[in-house]
Amino acid sequence: MWQMVELRPSKVKHSLFKSNFGLIMAKENKNLEQLEHSGQRSKGVNTMLWLMAIIFVVVAAVGNVYFVTQLSLVVRVLALVGLLVGAVVFIAFTNQGQKAIGFMKEARQELRKIIWPTRQESTQTTLIVLGVCAIVALALWGIDALIINVITFLTNLRF
């Protein structure tokens, strides 16, 4: 009925495992090299930077409330600003902070490409918009007055 089968790892399975393991390790090494060349921080360093930023914000908030009676407003505001600037510095060094800084640099470059209107063009456009707004306001006022007169006329009639 039942037969005992002895399972032994074959050389084919072993070599397949070794080649797959080698590919996985090569991919991980490649990912690490890409991570180093891209300037991104590892997950642990990134997490620590975020944690430090959160700690700075919490210390700023709690310290401001705790020292409300012991320290003057000027000292508390300076400490608050210093701690919040420290938190922003920590955030700037995170992967997300680096992406945000890159985005802001690109946005600044795009803003430089814009051809802004002259002072005369801006003044003329503003006056046109104000004139059109005044005309539309007068037209709506007139239509409103007309509707009120029609409704008053209809409601005063007795059938």
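What you see is a predicted model; the values in this text were computed from it and never measured.

The rules behind these values
Residues numbered from 1 in each chain as written. Predicted model: local features only at pLDDT ≥ 70, side-chain atom pairs only at ≥ 80, totals over all residues. Heavy atoms only, no water. Patch = residues over 30% accessible without salt bridge, like charges linked within 9 Å, V, L, I, M, F, W, Y side chains within 5 Å. Areas by Shrake-Rupley, 256 points an atom, 1.4 Å probe, with all protein chains shown as cover. Salt bridge = Lys/Arg side-chain N within 4 Å of Asp/Glu carboxyl O. Helix = DSSP H or I, 4+ residues; strand = E, 2+ residues; numbered from the N terminus. Buried < 20%, exposed > 50% of the residue type's maximum accessible area, 1.4 Å probe, protein only. Axes fitted to C-alpha atoms, helices over the stretch in contact; angles between N-to-C directions. Parallel < 35°, antiparallel > 145°, perpendicular 65-115°, else oblique. Left-handed = near helix turned anticlockwise from the far one by under 90°. Contact = heavy atoms within 4.5 Å. Nonpolar A, V, L, I, M, F, W, Y, C, P; charged D, E, K, R; others polar.

Engineer: Sorry if this is basic, but what is going on with a nonpolar patch on the surface here?
Structural biologist: Residues Ile-54, Val-58, Val-62, Tyr-66, Phe-67, Leu-71 and Val-75 make up a contiguous nonpolar surface patch of about 630 Å² in total accessible area. Of all the elements, helix α2 (residues 43–66) adds the most residues to the nonpolar patch, at four residues. Turning to its location among the elements, Leu-71 is positioned in the loop between α2 and α3 (73–92). Judged by its relative accessible area of 35%, Leu-71 falls in the partly exposed class.

Engineer: Please explain the packing of α2 against α3 as it appears in this structure.
Structural biologist: The relative placement of two packed helices comes down to the angle between their axes together with the axis-to-axis distance. Between α2 and α3, the shortest axis-to-axis distance is 8 Å and the interhelical angle comes to 170°. The angle between α2 and α3 places the two elements in the roughly antiparallel class. The hand of the α2/α3 crossing is left-handed. Seen from α2, the contacting residues are Leu-49, Trp-50, Met-52, Ala-53, Phe-56, Val-57, Val-59, Ala-60 and Asn-64; seen from α3, they are Arg-76, Leu-80, Leu-83, Leu-84, Gly-86, Ala-87, Phe-90 and Ile-91. Among the residues forming the contact of α2 with α3, the class breakdown is 14 nonpolar, two polar and one charged.

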